[in-house]
2 protein chains.
Amino acid sequence: MIQKLADKIKKTHAPICVGLDPMLNYIPEHILKKAFAEYGETLEGAAEAIWQYNKGIIDATYDLIPSVKPQIAMYEQFGIEGLKAFKKTVDYCHEKDLIVIGDVKRGDIGSTSAAYATGHLGKVTVGSKTYAAFDEDFATVNPYLGTDGIKPFIDVCKEEKKGIFILVKTSNPSSGEFQDRLIDGRPLYEWVGEKVAEWGADHMGDTYSYVGAVVGATYPEMGKVLRKVMPKSFILVPGYGAQGGKGADLVHFFNEDGLGAVVNSSRGIIAAYKQEKYAKFGSENYADASRAAVEDMIADIDGALNAVK
Amino acid sequence: MIQKLADKIKKTHAPICVGLDPMLNYIPEHILKKAFAEYGETLEGAAEAIWQYNKGIIDATYDLIPSVKPQIAMYEQFGIEGLKAFKKTVDYCHEKDLIVIGDVKRGDIGSTSAAYATGHLGKVTVGSKTYAAFDEDFATVNPYLGTDGIKPFIDVCKEEKKGIFILVKTSNPSSGEFQDRLIDGRPLYEWVGEKVAEWGADHMGDTYSYVGAVVGATYPEMGKVLRKVMPKSFILVPGYGAQGGKGADLVHFFNEDGLGAVVNSSRGIIAAYKQEKYAKFGSENYADASRAAVEDMIADIDGALNAVK
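An unreviewed UniProt entry lists chain A under the name Orotidine 5'-phosphate decarboxylase, with Roseburia zhanii as the source organism. In its Sequence similarities (unreviewed entry) section, the UniProt entry covering chain A states "Belongs to the OMP decarboxylase family. Type 2 subfamily." You can read under Catalytic activity (unreviewed entry) in the UniProt record for chain A the words "orotidine 5'-phosphate + H(+) = UMP + CO2".

The following block contains the structure:
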């Protein structure tokens, strides 16, 4: 699966993923209206609106991109119905041959981490049968609990040829409160990055590891250092666009082969029609606005990468 | 809700919660057989077995205890059907007036953390209506992303008079990999503990804060230090029983008022019938074995607390 990600990035020239993080206030009126007319202002109605909204964006962008990153929190807030829309989205992305990075930020220990890994990346056994519950290709994982939290994910990933991205340096302003604190003269995120490299050595693809890292676009200098600490790990880079990151900031997240990073944009793509730049599309054609925003993002990042070649 | 927890602990003399972390291999044969006969060896069948198993344990123990802590990973691994069993369990515990600590270990930033908080502790808005999705009373939260990850939970908790327990020092062997690293001469978990105290000051109940901490029973010396660092925070203490913690280890997790900690046991209670000590009950009467194990746990902890009075 990590090789598939690398191959698809090479083919599309798009080292990006589209963050499918729907908020009801992003969703165009005509979709909400239809969903509420059918299901009422209910959790089912919200889930139907989310699903139709996602489907429009996927249909309009899938040929341009290698991967998507649905943020499960945005579905989980609508409970069971929301999670059905999450699962439907994952399955539909697979139909379109997209790689699905489940942004679930799970993390626990032992059998509990194993259960999360099973639910999101593996297969659960019921009597003599097995079932894939959510069936993403990658999942994001929190490292705070140490190896006991990570190892069960890697075990499942080995069986399924799937992967994880471990939070190393997150994109938010307060990420430094703990992540930047110095331990023997080096920040915590570097120590976590070293562990990612160590864990990653245990589950290698052809050239890259199935164990990647999350490093925010908003911290390009730290990305430069972490790129070297984890040379075999893909870096999932949130914070592009709406959070402030630009293509030129991102070049050091990549290796010299032009690979090694996948940059996420959520709001900047899925709610593009709300930006002045794409307002001409109008809310009815929100998905076309998303397509234009994807094209612009690819050009921005590809341009920045070519400029340093 | 934090006052309700304190009051219920005083009334029951049981500063404990029962960890509802069902694994299929804990569930007695007669329950599995019935569920599979009705729904087949399917995710629905597994979920039905989990629900019936939980119901038996709740019915047999609810009058002895203030709270339960369902571990959502154990449900999430069975996908949508598993999460329906989670929700059914939360609702049933509320019917029995139990306080429900959702062990979800969520944590993200900004609107994403807000979505998790909404889904687990708050109410989501759909048009002109609002709905509580999972509706636990407390949730566990991961601190790695800093204040940006915690603040949205506290905002929801203030509205709902609910609370969180933030991971500080976890019970697992490798928790020290990052949590014990020294920063300016003091371990990371102490710095996190200080933040818990700071965050907690922002959402106080009568005597305790709605913002608590998770500190493993397996690290009693650290519990002693952290008790003083966060005097107004309840400490949720996993790791009792199956993971090795004993009543005598736990006295320093409590304040002098006999409050301030709630000790969790999962496997030791819910799969008690599998232990030699409770084997006489037999698998048919697994719930009675759980009741006996709860009584023994209460006596162990109460005895240890009285011994130091």
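Now for the pairing of strand E12 (residues 261-265) of chain B. Residues and elements named next belong to chain B. Of all 5 residues in E12, 5 are buried, a share of seventy percent or more. Covered by surrounding structure in E12 are Ala 261, Val 263 and Ser 265 together with Val 262 and Asn 264, the residues of both alternating faces. Across 3 bridges, strand E11 (residues 235-237) lies against E12 in parallel orientation. From the neighbouring strand, Leu 236 faces E12, where its bridge partner is Val 262.

All right, on to the interface of chain B and chain A then. Counting residues at the interface gives 70 residues for chain B and 70 residues for chain A. Carbon and sulfur atoms supply 62% of the area that chain B and chain A bury against each other, a total of about 5800 Å² over both sides. Interface area lost by chain B to chain A is led by Glu41(B), Tyr144(B) and Phe178(B), which between them contribute 16%. Across the chain B-chain A interface, the total number found is 8 salt bridges. Across the pair Lys105(B) and Asp108(A) runs a salt bridge whose closest N-O atoms are separated by 2.7 Å. Inspection of the chain B/chain A interface yields 35 residue pairs in polar contact (both at pLDDT 80 or more). Considering every element that reaches the side of chain B that touches chain A, the biggest residue donor is helix H6 (residues 110-121) of chain B, with 7 residues. Of the residues that constitute the side of chain B that touches chain A, the class distribution is 34 nonpolar, 23 polar and 13 charged.

Moving on, we get to the pairing of strand E6 (residues 138-141) of chain B. Residues and elements named next belong to chain B. Where burial is concerned, the two faces of E6 agree: the one with Phe 138 and Thr 140 and the one with Ala 139 and Val 141 are both buried. Where strand E3 (residues 99-106) and E6 come together, 3 bridges link them in parallel fashion. Considered in E6, the bridge of Arg 106 is made with Val 141. Across 4 bridges, E6 lies against strand E7 (residues 163-169) in parallel orientation. Looking across to E7, one finds that Ala 139 is bridged to Ile 164. For the handedness criterion, the β-α-β arrangement of E6, helix H7 (residues 147-160) and E7 is classed as right-handed.

Moving on, we come to the relation of the copies chain B and chain A. Once turned by 180 degrees and shifted 0.0 Å along the axis, chain B lies on chain A with an RMSD of 0.0 Å. Taken together, the rotation and translation relating the two chain copies correspond to the operation of a two-fold axis. Taking C-alpha positions as reference, the residue of chain B nearest the rotation axis is Ile183(B), located at 2.7 Å. Taken as a fraction of all interface residues of chain B, those also at the interface in chain A reach 100%, which identifies the copy contact as same-surface.

Our focus in this paragraph is the packing of helix H3 (residues 43-61) of chain A against helix H5 (residues 79-95) of chain A. Residue and element names in this part refer to chain A. Direction vectors running N to C along H3 and H5 enclose 20 degrees, while the axes themselves pass 8 Å from each other. The angle between H3 and H5 falls in the class roughly parallel. Between H3 and H5 the crossing geometry is right-handed. Across from Leu 43, Glu 44, Ala 47, Glu 48, Ile 50, Trp 51, Asn 54, Lys 55, Ile 58 and Asp 59 in H3, the residues of H5 making contact are Glu 81, Gly 82, Ala 85, Lys 88, Thr 89, Tyr 92 and Cys 93. Counted by class, the contact of H3 with H5 contains 8 nonpolar, 3 polar and 6 charged residues.

Rules of the game
Residues numbered from 1 in each chain as written. Chains lettered and ligands numbered in written order. Predicted model: local features only at pLDDT ≥ 70, side-chain atom pairs only at ≥ 80, totals over all residues. Heavy atoms only, no water. UniProt positions renumbered as here; feature names shortened; annotations may be inferred. Buried < 20%, exposed > 50% of the residue type's maximum accessible area, 1.4 Å probe, protein only. Helix = DSSP H or I, 4+ residues; strand = E, 2+ residues; numbered from the N terminus. Pairing = 2+ DSSP bridges. Contact = heavy atoms within 4.5 Å. Buried area = accessible area lost by both parts, 1.4 Å probe. Salt bridge = Lys/Arg side-chain N within 4 Å of Asp/Glu carboxyl O. Polar contact = N/O pair within 3.5 Å; in protein donor to acceptor, adjacent residues only side chain to side chain. Nonpolar A, V, L, I, M, F, W, Y, C, P; charged D, E, K, R; others polar. Right-handed = clockwise from strand over helix to strand, strands pointing away. Least-squares fit on C-alpha atoms with pLDDT ≥ 70 in both. Axes fitted to C-alpha atoms, helices over the stretch in contact; angles between N-to-C directions. Parallel < 35°, antiparallel > 145°, perpendicular 65-115°, else oblique. Left-handed = near helix turned anticlockwise from the far one by under 90°.

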